[in-house]
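# Inside the fold
The residues making up each chain are set out below.
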2 protein chains.
Amino acid sequence: MGKLYVVGIGPGGIEHMTLKAKQAIEESEVIVGYTKYIKLVEDLIVDKEIVQTGMRGEIERCKKALELSQNKIVSIISTGDAGIYGMAGLILEVKEENHIVEIVPGVTAAVAGAALLGAPLMHDSCYISLSDLMTPYNLIKKRVELAAQGDFVISFYNPRSKGRPYYLKECTDLIRKYRHGTTPVGVVRNALRDNEKVKLCTLCTFCEDEVDMLSIVVVGNSNTFIKEGKMITPRGYVF
Amino acid sequence: MGKLYVVGIGPGGIEHMTLKAKQAIEESEVIVGYTKYIKLVEDLIVDKEIVQTGMRGEIERCKKALELSQNKIVSIISTGDAGIYGMAGLILEVKEENHIVEIVPGVTAAVAGAALLGAPLMHDSCYISLSDLMTPYNLIKKRVELAAQGDFVISFYNPRSKGRPYYLKECTDLIRKYRHGTTPVGVVRNALRDNEKVKLCTLCTFCEDEVDMLSIVVVGNSNTFIKEGKMITPRGYVF
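All of these numbers come straight from a predicted model, not from anything done at the bench.

So, on to the interface of chain B and chain A. On the chain A side, the residues contacting the 69 residues of chain B number 69 residues. Both faces considered, chain B and chain A share a buried interface measuring about 6,200 Å² in area, 62% of it formed by carbon and sulfur atoms. Across the contact surface, chain B and chain A share six salt bridges. Glu228(B) serves as the salt-bridge partner of Lys95(A), at 2.7 Å between the closest nitrogen and oxygen. Counting across the chain B and chain A interface gives 35 residue pairs in polar contact (both at pLDDT 80 or more). Among the elements that take part in the side of chain B that touches chain A, helix H4 (residues 88-94) of chain B stands out by supplying six residues, more than any other. Taken together, the three bridges between strand S7 (residues 125-129) of chain A and strand S7 (residues 125-129) of chain B define a ladder with antiparallel strand orientation. Each residue of the ladder has a partner; that of Ser125(A), found in S7(B), is Tyr127(B).

Residues and elements named next belong to chain B. In total, this model carries four cavities of 30 Å³ or more according to the counting rule given. There is about 60 Å³ of room inside the largest cavity. Contributions of two or more residues to the lining of the largest cavity are made by strand S9 (184-189) and strand S10 (197-202). When its residues are assigned to classes, the lining of the largest cavity shows two nonpolar, one polar and four charged. If you add up the space inside the second largest cavity, you get close to 50 Å³.

On to the sheet that holds S10(B), then. Here we have 10 strands laid out as an open sheet, ordered S10(A)-S9(A)-S11(A)-S8(A)-S7(A)-S7(B)-S8(B)-S11(B)-S9(B)-S10(B), and mixed in their pairing. Two strands in the sheet have a free side with no partner beyond their single neighbour: strand S10 (197-202) of chain A together with S10 of chain B. When strand polarity is set aside, the average angle formed by the axes of neighbouring strands in this sheet is 15 degrees. Pairing of S7(B) with strand S8 (residues 153-157) of chain B involves five bridges; the strand directions are parallel. By the bridge assignment for S8(B), Ser129(B) is matched with Tyr157(B). With respect to the sheet, helix H6 (residues 137-149) of chain A is in contact with S7 and strand S8 (153-157) of chain A, its orientation differing from that of S7(A) by roughly 165 degrees.

Time to look at helix H1 (residues 19-27) of chain B. All names here are of chain B. For H1, the full list of buried residues reads Lys20, Ala21, Ala24 and Ile25. Across the axial projection of H1, the buried residues extend over an arc of 135 degrees, all falling on one side. Where the residues of H1 are buried, they touch strand S1 (3-8), strand S2 (30-34), strand S4 (73-78) and strand S5 (101-104).

With that settled, the discussion passes to the relation of the copies chain B and chain A. Each copy of the sequence occupies a distinct position, and chain B is placed on chain A by a rotation of 180 degrees and an axial shift of 0.0 Å, giving an RMSD of 0.0 Å. Classification of the inter-copy transformation places it as that of a two-fold axis. The residues that chain B uses at the interface reappear at the interface of chain A in 100% of cases, marking a shared surface.

All names here are of chain B. By the element assignment, glutamate 49 lies in strand S3 (residues 49-53). The class of glutamate 49 is partly exposed, set by a relative accessible area of 36%. Once the C-alpha coordinates of glutamate 49 and aspartate 124 are considered, the two residues, 75 residues apart in sequence, prove to be 42 Å apart. The residues contacting glutamate 49, other than those within four sequence positions of it, are Glu29, Val30, Ile31, Leu68 and Lys72. Within the structure, the side chain of glutamate 49 is placed 3.0 Å from the side chain of lysine 72, a separation counted as a polar contact.

Scanning the entire structure with this criterion turns up 28 salt bridges over all chains. Residue Lys39(A) is joined to Glu42(A) by a salt bridge in which the shortest nitrogen-to-oxygen separation is 3.6 Å. What makes Lys39(A) exposed here is its relative accessible area of 56%. Between Lys199(B) and Glu210(B) there is a salt bridge; the shortest N-O distance is 3.2 Å. Here Lys199(B) is found in strand S10, whereas its partner Glu210(B) is found in the loop between S10 and strand S11 (215-219), with 11 residues between them in sequence. What emerges from the salt-bridge pattern is a single network uniting Asp124(A), Asp151(A), Arg179(A) and Arg143(B).

One can describe the packing of H6(A) onto helix H6 (residues 137-149) of chain B by two numbers: an axis separation of 9 Å at closest approach and a directional angle of 175 degrees. By the angle class used here, H6(A) and H6(B) are roughly antiparallel. From H6(A), Lys142(A), Leu146(A) and Gln149(A) reach across to H6(B), where they touch Lys142(B), Leu146(B) and Gln149(B). Within the contact of H6(A) with H6(B), the residues separate by chemical class into two nonpolar, two polar and two charged.

So, on to the environment of Cys171(B). Secondary-structure assignment places Cys171(B) in helix H7 (residues 167-176). On the basis of relative accessibility, which here comes to 0%, the residue Cys171(B) falls in the buried class.

Turning next to the side chain of Asn221(A). Mapped onto the elements of the fold, Asn221(A) is located in the loop between strand S11 (215-219) and strand S12 (225-227). Looking at Asn221(A), its side chain comes within polar contact range of the main-chain nitrogen of Asn223(A), at 2.8 Å. If sequence neighbours within four positions are ignored, Asn221(A) has contacts with His123(A), Asp151(A), Phe152(A), Val153(A), Arg179(A), Thr183(A), Thr233(A) and Arg143(B).

Scoring rules and cut-offs
- Residues numbered from 1 in each chain as written.
- Chains lettered and ligands numbered in written order.
- Predicted model: local features only at pLDDT ≥ 70, side-chain atom pairs only at ≥ 80, totals over all residues.
- Heavy atoms only, no water.
- Contact = heavy atoms within 4.5 Å.
- Buried area = accessible area lost by both parts, 1.4 Å probe.
- Salt bridge = Lys/Arg side-chain N within 4 Å of Asp/Glu carboxyl O.
- Polar contact = N/O pair within 3.5 Å; in protein donor to acceptor, adjacent residues only side chain to side chain.
- Helix = DSSP H or I, 4+ residues; strand = E, 2+ residues; numbered from the N terminus.
- Pairing = 2+ DSSP bridges.
- 1 Å grid on protein atoms, 1.4 Å probe; cavity = no way out; pocket = protein on both sides within 12 Å on 5 of 7 lines; lining within 4 Å.
- Points joined across faces, edges and corners; volume = space filled by probe spheres on them.
- Nonpolar A, V, L, I, M, F, W, Y, C, P; charged D, E, K, R; others polar.
- Axes fitted to C-alpha atoms, helices over the stretch in contact; angles between N-to-C directions.
- Buried < 20%, exposed > 50% of the residue type's maximum accessible area, 1.4 Å probe, protein only.
- Arc of directions from axis to C-beta.
- Least-squares fit on C-alpha atoms with pLDDT ≥ 70 in both.
- Parallel < 35°, antiparallel > 145°, perpendicular 65-115°, else oblique.

This is the structure we're talking about:
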């Protein structure tokens, strides 16, 4: 009798993985994942069967993982949390009744990035992916504008790629309609893994050329401030 | 030379804590936290100095933790992630230049709850706290309405307390102006710890009396559906 774990491995380094995620991977006979993510956990998977796939082909990857899980213990891995722009949704969509699936949550990219920036997510916040592969850009812009109006802290996932170099700038410009130019903006690349880079700027001084697909961008709300190089969104305590 | 770790212990059980969070607690000589959270990690803190405080008094708790950290290794703990409605912001606000602080991220309540519900957070989503202790209720309602208009998946933190029993119902009613009554709603109480309770319903059949401060409420977007008892927000793959 097999089983499929859908594992969020966290930001990348093994130390920010949960104990349960590590245990699921160790218990598994087969590990399925995008080649780059497999590399992040290679110390844990010596002597296991590995099914690596390229960046696209998610549906095939999920079907393969479910099929293998009928007789074996399998982990399909995502970075961050598997339920936030990860593999959990697709697995449950493709899953048939006889498959056994357990989702193992992890530390998502915005949370990992926030810990390095300071504490930007302390008040109401939202996640928006700027990838338009499956979401019309008009809907993305509408969400950005409503989130700006609502004074949400905004975390951008998949903020910039070669195919859409201008979206991020257009979206931060939308936010500027509602927020002061001195609003802090944090950019974290490779949060909590090798080649980590953390940068703080403002809506005015923000340069989108420093951002790529491995980055997360966090735009503060109207109360966010910078103190000793850290970005802080106050919860509202008075002292 | 001391140090302060601001640790998100995750949903509660030790297995969903990160390796780094466990290591920080084990390395610490002093553990500071709300009595209920201290109890969740008691197996890790035998023979350590414990500073427990009640529910309020957060500013004093943070000052005490920072003071102790000048000569000792100290962990101040929050459930979930310390940077999402946790202690990280206040610590950085109160911190003075000579204090050394490291924030250790964790699995936040919405992510833990989502893993049990299925995969409701697979598309753009937001977190809103319904606590009006430090946020005017009018601003909370404005955010709920804008998030509903933007078709965000909405996770409610601190959804209901004795002092404000009607807010949650008023806010789900606001969402109904923009979303169909059959929109799935998930309620998780004590996610991934003892006495866990998971319930799926819809905006129509939602009963706020089943919700308390230990619960998280996730309202789906216009595409969220239920399959085999799991709540799924599709990312948009066509198959």
